[in-house]
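A structural walkthrough
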Amino acid sequence: MHDDRQLIEGRLLRTLQRIEDAVWSSPVPVDLASWEAPGEPVPVAEGLAAAYEPAHVGQRWGAPWGTTWFRVRVQVPESHAGRPVDLRLDLGFDPDRTGFHVEGLVYRADGTPVKGLNPRNQWVRVADTAKGGEEVELFVEAASNPLLLGGGGFDFRPSPLGDPETAGREPRYRVERAELAVFEQEVWELQQDLEVLGQLAVELPVEDARRWQLLRSLDRAMDRLDVADLAGTASEARDELKDVLAQPARASAHRISAVGHAHIDSAWLWPVRETVRKVARTCSNVVALMDDHPELVYAMSSAQQFAWLKEHRPEVWAGVVERVREGRFVPVGGMWVESDTNMPGGEALARQLNHGKRWFLDELGIETREVWLPDSFGYTAALPQLVALSGSRWFLTQKISWNTTNRFPHHSFRWEGLDGTRVFTHFPPADTYGSEVSGAEVAHAARNFSDKGDATRSLLPFGWGDGGGGPTREMLARAARLRDLDGSARVEVERPDRFFEQAEAEYPDAPIWVGELYLEMHRGTYTSQARTKQGNRRSEHLLREAELWASTAAVRAGAAYPSAALDRLWKVVLLHQFHDILPGSSIGWVHREAVEAYAAVAAELEGIIAEAQRALAGAGDVEVAFNATPHERQGVAALGAGPVGQVAPVEVHSEGDGYVLDNGLVTARVDHRGLLTSVVDAASGRESLAPGSAGNLLQVHPDTPVRFDAWDVDPHYRNVVRDLTDAESVEAVEGGVRVVRRFGQSTVTQLVTLPAGQARVDVDTEVDWREREQILKAGFDLDVTTDHSTSEVQFGHMHRPTHSNTSWDAAKFEVCAHRWVHVGEPGFGAAVVNDSTYGHDVTRRDREGGGTTTQVRLSLLRAPQSPDPVADLGVHRLRYALVPGATIADAVREGYRVNLPVRTVRGSGEPVEPLVIVEDDGVWVEAVKLADDGSGDVVVRLYEGLGRRCTTRVRAGFAHRGAYAVDLLERPLETPGVADEGDAGVALALRPFQVVTLRYSRA
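What counts and how
Every chain is numbered independently, its residues counted from 1 as its sequence is written. At least 70 in pLDDT is required for a residue's local features to be given in this predicted model, at least 80 for side-chain atom pairs to be given and counted, and no such filter applies to totals for whole chains, interfaces and linings, which use all residues. The basis for the side-chain values is all heavy atoms of the structure; hydrogens and waters are excluded. Throughout this description, the term salt bridge denotes a Lys or Arg side-chain nitrogen within 4 Å of a carboxyl oxygen of Asp or Glu. For the purposes of this entry, the term helix denotes a DSSP run of H or I that reaches at least four residues, the term strand denotes a run of E that reaches at least two, and both are numbered from the N terminus. For each residue, the accessible area found with a 1.4 Å probe, counting protein chains only, is set against the maximum for its type, and the residue is called buried under 20%, exposed over 50%, and partly exposed in between. Contact definition: two residues touch when any of their heavy atoms are within 4.5 Å. Strands pair, by our definition, only if DSSP identifies at least two bridges between them. The span one expects for a helix is its residue count, reduced by one, times 1.5 Å.

1. Comments concerning the pattern of salt bridges
If you walk through the whole model with that rule in mind, you get 96 salt bridges. Residue E36 is joined to R169 by a salt bridge in which the shortest nitrogen-to-oxygen separation is 3.1 Å. You can see E36 sitting in strand 2 (residues 31-37) and its partner R169 sitting in the loop between strand 10 (135-144) and strand 11 (173-174), a full 133 residues away along the chain. Residue classification places R169 among the exposed residues on the basis of a relative accessible area of 54%. A salt bridge links E944 to R948, with the shortest nitrogen-to-oxygen separation between them at 2.7 Å. By relative accessible area, which is 0% here, E944 ends up buried. Looking at R948, the relative accessible area reads 26%, which means it is partly exposed. Among the ionic contacts, a cluster of salt bridges with common partners joins E40, E103, E141, R273, E274, R277, K278, R281 and R313.

Dropping the structure here:
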């Protein structure tokens, strides 16, 4: 037989083009009118009641970020009577940019939503059986969001369109179609048959007889079609395909659980306010689709997005709630937003789960069981324990398929976190969280699945995402045809929890992956948009202080606890931890609003802290120090307050061509270049800096990623470096040395000091940053030989290699750390701590005189051009410090101290006893608060932070009836090793890095 595959496949593509034009017939024009809303979006009632002016097909409309309301009026012709009739609207859609530019939400005249419009959903069903002469009136709230992706895909060229202040007012779109037409159901069904079989055929091996069977059937079906009468001959063509569509899948076929989905970024190439509308449009689509397709199951994450829907679009919310009750619209994820997990602090991740799961329970009566994070940029090793402590059971991600160096070895596995907790995890092998249920995607999922032989099933999220849109009827049609079809994996539309139950049951001995799920990409997100990161770090610590002191004031002084304000402020911070806000990968508009939001949060929290501390300090004129860290400080108890202790003064004097700083614990030398040339730990007498090296060396590299500007730092940046060793001035000031440098268009002013009574060298840095596409680093070359660094992560720390022995090691050339990085060898170590930096690199270097040293560098600032062309430009203030002679415990202590400065208040001078005292110095309190339920109970969250087993005791300094362990939602949790021993306190037997939350019932 001749090989005519290419001819048949080409014929099929051409036939599908003809069929696409015949799905609708007998179009008639509509009466179109429009009204442009001034400024920001208006309420629906205002849009409906506006003064509309005539509009027409071909009319240009839509200034960037604007809203135009369209009114459509038409009378159904008698010729359309008895037929399914659709309104077709093309507002200037690009089918390849669904979710990224024009979108609309259709309303009836009474304000009830009908469905969303997007490039892959340009129709609105007017009637399944039309009545001739019927008057139709519909309204469309159309968003003219500018396209920021560029013409060739994700090229991310610098654009002024990401901010309304620079986007201009020129209309960007044109109305391409506005008509009423008859929907030809049988032609559409034929289109789905042909697409599914054609897509399946090309995925099968040439030697597979099924491929040839499909091609021959398709060829015969196309012979039956009359291109002049497609509607009249579609049924005959479909008859030729019935047999091949009826042949069941092979017994060994892979099983796919297809779940409707629309990963909607809570902000990205659009502001938060537009996400509110995207959620409404997508949910309207889903509810409308469910009316026609009872088989559809749709999963949506992010309690924040449900909350927006309830607050801003109650008419859409009502339909969603009804479908949730039916079990078809499924809340997933259990988090407030799909957050980044690298940079939020431990308590913030706990609150993501607390606020998310609690909202679903309170509003919908649903306990989510899976943590759903398909698109975050790597996953902390602290997460498995928090998943379990939240009452969840499973974890899902897709993003690790983006690794650029190493292929992740599993698709279903047990993920083991820092403390040894394991959670069943799935990583969809289709390598997408927005499938079209195409033959290529389904075949790729089956081929790509790594766990063949032991497991048989995977999950496939389908629907237009990122910018929203959700599933379509075409996707459901494909899924229905692939449910049991020879040559294909079996596709079943079902709930995600049903998938997880089956997948976990069939794979009880799934392989184990230990530690973080490091994404070998998007490493620049640890540094981009420094102001956003600084706002997050500061907010987290202010929230800690506010809860601690407000709780203490409530217990000690009977003060009112500001639970509503704290709940609201936590939600603002949690929203901004979304995985395109905190990582710095959104448009400038988003980050400008984030900085404003953080400023408002800080102002309100400062007020709460001040009020609580005044209540605790009492009347008087004695200076009282409040210590919010979990360590004693200057004679003040951890989590308590008392008179400020006396400490030895800091000496600064000139020596040779520089200065010497000494506080009795550390001696540091700063040379004429403003660089640290010596840092000696008094306790050991050992020099911390490598021979011939310098500390606090600022370095600038070109920073030109291959693909994703704000997201990536590519390894070639290290090929070129400029050391900033020229100083404009180096001068002694009270307590330290001030250094001023100028380079390019930028200025750096640094104050190098030794804090009194603390074994630390502080560097307070102000940068007027004017460089573009460069990265600024601060390095310390330490006289330590080690094969790994230790970085703080949430509720503990983890080790990472300092070498590049393997491709997995080499890929971790930039890593995320929280408040500190430690390097050490037996008997001596050093730590670098910071107040707002996350990106670091740690490498081994040749040592003068033999051996190796370890260089620790902080990534201070970047200047990516896209999606925000002015990212990071301007003035920044950053603090970091070197802690010589540091153990891990020292690194933890100084990390807390740098981020939680002592506050002093005038008062009586009487000590404020802490609410709880922990007897073990390696077990640290992360949160003290009053219970969420308003009972007045005290909730204390603590963790073992040194990575060893220990026993300790927690003593409460207030009257209480008892104490018991709870989960993250503050519900009783059976926890081995926790025993309330009455007046003796709560006895704890902890495993390494274990997190325990205790709840004290107030007497």
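2. With respect to the side chain of T472
For T472, the position within the fold is in the loop between strand 20 (457-462) and helix 13 (473-481). Since its relative accessible area comes to 6%, T472 is described here as buried. Apart from the residues lying within four places of it in its own chain, the contact partners of T472 are R120, N121, L289 and W464.

3. Considerations on the pairing of strand 7 (residues 103-108)
Of all six residues in strand 7, five are buried, a share of seventy percent or more. Judged from the six bridges that link them, strand 7 and strand 10 form a sheet pairing that is antiparallel. Looking at strand 10, one finds that R108 is bridged to L138. Taking the residues between adjacent antiparallel strands as the criterion, strand 7 and strand 8 (residues 113-117) are bridged by four residues, where G111 takes a positive phi near 95°.

4. A look at helix 19 (residues 888-899)
Relative to the 16 Å expected for 12 residues at 1.5 Å per residue, helix 19 spans 17 Å between its end C-alpha atoms, a close match to the ideal helical length. For helix 19, the complete set of buried residues consists of I888, D890, A891, V892, E894, G895, Y896, R897, V898 and N899.

5. Structural notes on unusual backbone geometry
Note on backbone geometry: most residues besides glycine have negative phi, and most peptide bonds are trans. Cis geometry marks the peptide bond from S866 to P867, where omega comes out at 10°. Mapped onto the elements of the fold, P867 is located in the loop between strand 43 (852-861) and strand 44 (874-884). Positive phi, normally seen in glycine, also occurs at S302, with a value near 75°. Tracing the chain through its elements places S302 in the loop between strand 14 (298-300) and helix 8 (303-312). Located in the positive-phi region is Q529, a residue other than glycine, with phi close to 55°. Positionally, Q529 belongs in the loop between strand 22 (512-514) and helix 15 (530-557).

Spatial relationships are all this shows, so hold off on functional conclusions.
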